[in-house]
Amino acid sequence: AQSVTQLDSHVSVSEGTPVLLRCNYSSSYSPSLFWYVQHPNKGLQLLLKYTSAATLVKGINGFEAEFKKSETSFHLTKPSAHMSDAAEYFCVVSDKGYSTLTFGKGTMLLVSP
Amino acid sequence: DAGITQSPRHKVTETGTPVTLRCHQTENHRYMYWYRQDPGHGLRLIHYSYGVKDTDKGEVSDGYSVSRSKTEDFLLTLESATSSQTSVYFCASRSRDRGEETQYFGPGTRLLVL
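Residues numbered from 1 in each chain as written. Chains lettered and ligands numbered in written order. Predicted model: local features only at pLDDT ≥ 70, side-chain atom pairs only at ≥ 80, totals over all residues. Heavy atoms only, no water.

J.: Explain the overall build of chain A to me, using residue names and the numbers behind them.
T.: Along its length, chain A carries 0 helices and 12 strands. In sequence order, the secondary structure elements of chain A are arranged as β-β-β-β-β-β-β-β-β-β-β-β. Relative to the compact-globule value of 13 Å for 113 residues, chain A shows a C-alpha radius of gyration of 13 Å, a close match. Structurally, chain A occupies a C-alpha span of about 40 × 25 × 20 Å along its principal axes. (Helix = DSSP H or I, 4+ residues; strand = E, 2+ residues; numbered from the N terminus. Rg over C-alpha atoms; globule rule 2.2 N^0.38 Å.)

This is the structure in structure tokens:
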């Protein structure tokens, strides 16, 4: 079975500084990986996805993630945080047939002025 | 985003009463999903459907049942609600098209069981 571990439950940054949200995965096959974002009292929005093409994936709003098989990691980064980035972020892995997703427990990103 | 709506958006009910949540999608997606979201747990899969009348259990299916009589509708039923089922419920759908792995989520339903 596949699983994901988000290494930080909360991350605090100042506006304009870099963002790093860490995710490690476990899978017996080559997985598809996703990052979703959830703003307060909202649904989930796809930020980006990795599906065995380029290992560096660019998403919306300036976010990107790099798939590193040797480290079983899929960390999410952004060069410069904006106040509007404050939200909860979920790292997600799919099963082999893409039928189901397994979510990490989430990382809350706090952005201070 | 896919056109996914959920109803009701908010519900308060009492322990022991039946509750049905509805998910409706307009994208003709084959796959549909029900998740619950609880603090510290992320989203956990309750049940999913891979076609009309075809459903399967997820990680936390106990106490829940589902039905799918039409492509566009996926119903989640709590036969006898308990306080542990207080949660936010999200529906999602996905195309079966080759290479289309993305699940699209509805806005959620907040359920409070007293």
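J.: Before we move on, can you summarise the interface of chain B and chain A with the specific residues and values?
T.: With 21 residues of chain B at the contact, the number on the chain A side is 20 residues. Approximately 1600 Å² of surface area, both sides summed, lies buried where chain B meets chain A, with 53% of it carried by carbon and sulfur atoms. Per-residue buried area on chain B facing chain A is highest for Leu43, Glu101 and Phe105 of chain B; these three make up 33% of the total on that side. The interface formed by chain B and chain A includes 4 residue pairs in polar contact (both at pLDDT 80 or more). (Contact = heavy atoms within 4.5 Å. Buried area = accessible area lost by both parts, 1.4 Å probe. Polar contact = N/O pair within 3.5 Å; in protein donor to acceptor, adjacent residues only side chain to side chain.)

J.: Can you tell me about the environment of glutamine 37 of chain B, naming the residues and giving the values?
T.: All names here are of chain B. Summarising the element assignment, glutamine 37 is placed in strand β4 (residues 31–38). Taking relative accessible area as the criterion, glutamine 37 reaches 14% and is therefore assigned buried. Glutamine 37 sits 53 residues away from phenylalanine 90 along the chain, and the two C-alpha atoms are 7.5 Å apart. (Buried < 20%, exposed > 50% of the residue type's maximum accessible area, 1.4 Å probe, protein only.)

J.: Tell me about the nonpolar core, and name the residues and values.
T.: When a protein is soluble and globular, its nonpolar side chains tend to lie buried together. In terms of nonpolar packing, the biggest core is built from 26 residues, with Trp35, Leu48, Phe74, Leu76 and Tyr89 of chain A touching the most fellow members. For this core, the element with the most residues is strand β10 (residues 87–94) of chain A, which contributes 4 residues. In contact with tyrosine 89 of chain A, not counting residues within four places along its chain, are Gln6, Leu21, Trp35, Tyr36, Val37, Leu47, Phe63, Leu76, Gly106, Thr107 and Leu109 of chain A. Among the nonpolar cores identified, the runner-up in size contains 18 residues, and Met32, Phe74, Cys91 and Val113 of chain B belong to it. (Core = buried A, V, L, I, M, F, W, Y, C linked by side-chain atoms within 4.5 Å.)

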